Amino acid sequence: MSDNSTKNAIWKCACALLGLFIVLVLAGAAVLFFWPAGGIGQDSGKAAPETELQAVAPAEAETQTKSSIQIGASGEVTSAAETEDADLSADYIIPDSNTKLLTNADIEGLSAQQLNYARNEIYARHGRMFDSEELQEYFGSKSWYNPQYPADEFDQTSDSVLTDTEKKNAEFLREAENNIQPGGYQLDQ
């Protein structure tokens, strides 16, 4: 063999060994990086709870699925999410006053007080706080109410916050309230 071919063989061997070393280092780093925390050096007593949790998880998921399905009195099947939505809607005087134009049929049978609350419900949905203790207490009892803006600050920006539907509905409710009780319902009496 010539000197050149020996040197080439040594270089090829050295490059192959260097490549193998780099691959092993990267593989070792990947194992350490992706290995669960505390995985190295764990004794067998600590590994059991993980296995136990994995075996219990399907049963818990099954329980959650069963509890999220409800059967009504008439036999209809509903999900917990649907029931929760219905419960949340019941928390409003007029649940859809923010999305559809109201008609007389929507407010039939409501008192001046209820119309006042329904109008203020539109503002409360956007986080308006109320100077009226009566309104603040009423909306404070609602799960959906998140007071964020003082009344005067909200009133200055309400044109840009409220949708056209909400503006029209608020005016409609104000007129209906005044038709039932001239001057509208008197708060904090």
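Residues numbered from 1 in each chain as written. Predicted model: local features only at pLDDT ≥ 70, side-chain atom pairs only at ≥ 80, totals over all residues. Heavy atoms only, no water.

**A word on the confidence of the model for the chain**
Here comes step 1: Per-chain confidence: the chain averages 79 in pLDDT, with 70% of residues scoring 70 or above.
Here comes step 2: A low-confidence stretch, residues 41-59 stays under pLDDT 50, and its non-local contacts, those more than four residues away or across chains, total 2 contacts.
Here comes step 3: With pLDDT under 50 throughout, residues 61-75 is counted as low confidence; its partners more than four residues away or in other chains account for 14 contacts. (pLDDT = per-residue confidence, 0-100. Contact = heavy atoms within 4.5 Å.)

**Quick word on the nonpolar core**
Across soluble globular proteins, nonpolar side chains have a tendency to be buried as a group.
Here comes step 1: If you look at the biggest cluster of nonpolar residues, it comprises 24 residues, and the most contacted ones within it are Ile94, Ile107, Tyr123, Phe130, Phe139 and Leu173.
Here comes step 2: At the level of elements, helix 5 (112-124), helix 6 (133-140) and helix 8 (164-180) are the ones that each hand at least two residues to this core.
Here comes step 3: The leading source of residues in this core is helix 5, at 7 residues.
Here comes step 4: Beyond its immediate sequence surroundings of up to four residues, Leu173 is in contact with Ile94, Leu102, Ile107, Leu115, Ala118, Arg119 and Ile122. (Core = buried A, V, L, I, M, F, W, Y, C linked by side-chain atoms within 4.5 Å. Buried < 20%, exposed > 50% of the residue type's maximum accessible area, 1.4 Å probe, protein only. Helix = DSSP H or I, 4+ residues; strand = E, 2+ residues; numbered from the N terminus.)

**Here we look at helix 7 (residues 151-161)**
Here comes step 1: Ala151, Phe154 and Ser158 are the residues of helix 7 that are buried. Each buried residue of helix 7 lies within a common arc of 60° when the element is viewed along its axis, so the set occupies one face. Of the residues in helix 7, the exposed ones pointing more than 90 degrees away from the buried face are Asp152, Gln156, Asp159 and Ser160.
Here comes step 2: Buried residues along helix 7 sit against helix 5 and helix 8. (Arc of directions from axis to C-beta.)

**Things to note about the environment of Leu101**
Here comes step 1: Considering the arrangement of structural elements, one finds Leu101 in the loop between helix 3 (80-90) and helix 4 (104-107).
Here comes step 2: Discounting chain neighbours no more than four positions away, the residues touching Leu101 are Asp106, Thr165, Lys168 and Asn169.

**Some thoughts on the pattern of salt bridges**
Two side chains of opposite charge can pair, provided their charged atoms sit close to one another.
Here comes step 1: Scanning all chains against the criterion turns up 4 salt bridges.
Here comes step 2: Across the pair Asp106 and Lys100 runs a salt bridge, and its minimum N-O distance is 3.1 Å.
Here comes step 3: A relative accessible area of 27% means that Asp106 is categorised as partly exposed.
Here comes step 4: In this structure, Arg119 engages Glu177 in a salt bridge whose closest nitrogen and oxygen atoms are separated by 3.3 Å. With Arg119 in helix 5 and Glu177 in helix 8, this residue pair connects regions lying 58 residues apart in the sequence. Considered together, Arg119 and Glu177 belong to a single accessibility category, that of buried residues. (Salt bridge = Lys/Arg side-chain N within 4 Å of Asp/Glu carboxyl O.)

**Concerning a nonpolar patch on the surface**
Here comes step 1: Nonpolar side chains collect at one region of the surface, where Leu18, Phe21, Ile22, Val25 and Leu26 lie side by side and expose about 500 Å² of accessible area between them.
Here comes step 2: Note that Leu18 resides in helix 1 (residues 3-34). (Patch = residues over 30% accessible without salt bridge, like charges linked within 9 Å, V, L, I, M, F, W, Y side chains within 5 Å. Areas by Shrake-Rupley, 256 points an atom, 1.4 Å probe, with all protein chains shown as cover.)

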